[in-house]
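Fold and geometry: a report
Chain by chain, the residues:
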Amino acid sequence: MKIKIKKNDTVMVITGDDKGKSGRVLDVNTKKKTVLIEGINIHIKHQRPNQRNQQGGRTSMEFPVHYSNVMLLDSDKNPTRVGFARETKGNRTQVVRIAKTNGKAI
């Protein structure tokens, strides 16, 4: 199954502790079907001292969220489902993602 959310999209969390919050997608893992969102699902990770982090300690970092728990935001900042449409420009046809709420291209 193809994930319709891509890197740098703006999404809103629809379930879980961060319900209602929105952020930019930093990374998409298609094998695990998860997305990493900026400022969402922040947990504290305990790290041992290493070459990069000499002191070690507790660091706050974002953890991935399953893609089914987020919805893409359209141009009006409303959560929407995603559809596909074909657009022709000259001799070429392109497949474009469209928002189901307002029909505009994403």
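If you're wondering where the values come from, they're calculated on a predicted model, not measured in any experiment.

**Quick word on the side chain of Asp74**
- Take Asp74: it is sitting in the loop between strand S7 (70–73) and strand S8 (79–80).
- The side chain of Asp74 sits in the buried core without any salt bridge; Lys104 is the nearest counter-charge, 7.9 Å away.
- Looking at Asp74, its side chain comes within polar contact range of the main-chain nitrogen of Asp76, at 3.1 Å.
- Polar side-chain contacts of Asp74 include one of 2.6 Å to the side chain of Thr101.
- Setting aside its immediate chain neighbours within four residues, Asp74 contacts Thr80, Ala99, Thr101 and Asn102.

**Comments concerning the nonpolar core**
- In terms of nonpolar packing, the biggest core is built from 13 residues, with Ile5, Val11, Val13, Val25, Val35, Ile37 and Val70 touching the most fellow members.
- When contributions to this core are tallied by element, the ones reaching two or more residues are strand S1 (10–13), strand S3 (34–37) and S7.
- When sequence neighbours within four positions are dropped, the list of residues in contact with Val70 reads Ile5, Val11, Met12, Val13, Ile14, Val35, Ile37 and Val65.

**Some remarks on the side chain of Arg97**
- Take Arg97: it is sitting in strand S10 (residues 92–99).
- Leave out the neighbours within four places in its chain, and Arg97 touches Lys4, Ile5, Lys6, Asp9, Leu72, Val82, Gly83, Phe84, Lys104, Ala105 and Ile106.

**Re the sheet that holds strand S6 (residues 65–66)**
- If you walk across this open sheet you meet the six strands as S6-S3-S2-S1-S7-S8, and the pairing is antiparallel. Each of the sheet's edge strands pairs with one partner strand only, and the pair in question is S6 and S8.

**Comments concerning the environment of Lys7**
- Of note, Lys7 is situated in the segment before S1.
- On a C-alpha basis, the gap between Lys7 and Leu36 in space is 9.1 Å, while along the polypeptide they are 29 residues apart.
- Aside from chain neighbours lying at most four places away, what touches Lys7 is Val25, Leu26 and Val28.

**Points about the pattern of salt bridges**
- Counted under the stated rule, the structure contains three salt bridges.
- Lys21 serves as the salt-bridge partner of Asp18, at 3.3 Å between the closest nitrogen and oxygen.
- Overall, the relative accessible area of 16% leaves Asp18 in the buried class.
- Assessed through its relative accessible area of 44%, Lys21 is described here as partly exposed.
- In this structure, Arg24 and Glu38 form a salt bridge, with 3.5 Å as the shortest nitrogen-oxygen distance. Of this pair, Arg24 sits in strand S2 (residues 22–29) while Glu38 sits in the loop between S3 and strand S4 (42–47), placing them 14 residues apart in sequence.

Rules of the game
Residues numbered from 1 in each chain as written. Predicted model: local features only at pLDDT ≥ 70, side-chain atom pairs only at ≥ 80, totals over all residues. Heavy atoms only, no water. Helix = DSSP H or I, 4+ residues; strand = E, 2+ residues; numbered from the N terminus. Buried < 20%, exposed > 50% of the residue type's maximum accessible area, 1.4 Å probe, protein only. Lys, Arg positive; Asp, Glu negative; His and termini not counted. Salt bridge = Lys/Arg side-chain N within 4 Å of Asp/Glu carboxyl O. Polar contact = N/O pair within 3.5 Å; in protein donor to acceptor, adjacent residues only side chain to side chain. Contact = heavy atoms within 4.5 Å. Core = buried A, V, L, I, M, F, W, Y, C linked by side-chain atoms within 4.5 Å. Pairing = 2+ DSSP bridges.

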